[in-house]
Amino acid sequence: MDGSEALTAADVALMQVLAQRVTAQRPDLVNSDASYGELAWNWGRGHAAHGRTWLRRLWFSDGELVAWGWAFLPHRVRRGDGSVKEVTGSYLAHQVHPDHAELLDAVIDWYEGVALGTGRSVLPGAGDAFALERWAAHGYGTDPSALGETGSWTRLNQRDLDELEPPALPAGYRFRTADEAGPQAAVRAHVDAWAPTPYNAEAYEGVRRTPPYRGDLHLLVEAPDGAMAASTIMWLDTANATAEFEPVGTHREHRRLGLGRAMLLHGMRLAREAGARQMTVACLGAPGHPSARRLYDSVGFREFSRDAPLLKPAH
């Protein structure tokens, strides 16, 4: 037996605790999809539809979780517009506590076993020299699609919340929270910003049930006609006094009006009132994807770390 099991909500809670511990000690070593908020978002929105294709393995030391792997195996994604996307490769989300870095080889070996015969991808931190060396030793190289003008690598941005300028919405727009607007409005706001997307009422219910989701930290912007024009969720990590925006989106018909900027500024005020002292948000970093990067830079975020997309072809 390789120790693989289907991922559960209890597993995700343990993984979030490890995320908090790594964040407190070496925040630069928190891998893509392994942050406190990202774990909640990915589990909450996807487990009902895709959980049957998720495998995990956990490694413990003295009763504490110190490493984990979460394999996303090939699956089919059905979007709200009726289209279907076939995901033929495998992807690994993972985290290893820096005090137990030697376990990374065990994580890689496990992933190799459960994803055998598929193309395999992973997103270690670009600044984690030890991890990059170990992945290379196992035959992983830079993902060619991540290179160039429109590459797919992601940068993590952060800023302190000590000084925040006031948000300014255009006339007729107003801030709402998911608690105030209700589930239907919250789902509609996300779908309109990200269409075509598999996100639906079932996915949102999964998000709502996943700690640390709070409806008062799920921010919406309502347009003059009552439609939801933008939305974001803030995931508050009370142990580290940090919060993360994930996701952030604006309806196509309401872009270039300053809604995203105002929403982020107001959201950071809400996060600060809830106890956060620092904020993070991720975005695509390549030159050909400037919109989100410029938005986050405009409200004071600066690059903190970035991932290094790696790939191993099927064989």
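Quick caveat: nothing in here was measured; it's all calculated off a predicted structure.

Draft legend 1. How the structure looks around the packing of aromatic side chains. Applying the stated rule across the entire model yields eleven aromatic pairs. On the basis of an interplanar angle of 80 degrees and a centroid distance of 6.1 Å, the ring pair of Tyr204 and Tyr213 is categorised as edge-to-face. On the accessibility criterion, Tyr204 (3% relative accessible area) is buried. Centre to centre, the rings of Tyr296 and Phe301 are 6.1 Å apart; their planes meet at 80 degrees, and the pair counts as edge-to-face. This pair shows no difference in class: Tyr296 is buried, exactly as Phe301 is. Taken together through their ring pairs, the aromatic side chains of Trp43, Trp54, Trp70, Phe72 and Tyr91 make up a single cluster.

Draft legend 2. Molecular detail of the domain arrangement of the chain. Domain annotation of the chain identifies domain 1 (5–149 + 308–312) and domain 2 (159–306). Facing the 27 residues of domain 1 at the interface are 28 residues of domain 2. With both sides pooled, the region where domain 1 packs onto domain 2 buries about 2,000 Å², and carbon together with sulfur makes up 62% of that total. If you sort the residues of domain 1 by the area they bury against domain 2, Tyr36, Trp41 and Glu149 come out on top, with a joint share of 29%. Between domain 1 and domain 2 we count zero salt bridges in total. In this structure, the connection of domain 1 to domain 2 is made through eight residue pairs in polar contact (both at pLDDT 80 or more). Among the elements of the structure, helix H1 (9–25), helix H2 (36–50) and strand E4 (75–78) are those that each provide at least two residues to the side of domain 1 that touches domain 2.

Reading the values: the criteria
Residues numbered from 1 in each chain as written. Predicted model: local features only at pLDDT ≥ 70, side-chain atom pairs only at ≥ 80, totals over all residues. Heavy atoms only, no water. Phe/Tyr/Trp six-rings, centres within 6.5 Å; stacked < 30°, edge-to-face > 60°. Buried < 20%, exposed > 50% of the residue type's maximum accessible area, 1.4 Å probe, protein only. Domains from an automatic or database assignment. Contact = heavy atoms within 4.5 Å. Buried area = accessible area lost by both parts, 1.4 Å probe. Salt bridge = Lys/Arg side-chain N within 4 Å of Asp/Glu carboxyl O. Polar contact = N/O pair within 3.5 Å; in protein donor to acceptor, adjacent residues only side chain to side chain. Helix = DSSP H or I, 4+ residues; strand = E, 2+ residues; numbered from the N terminus.

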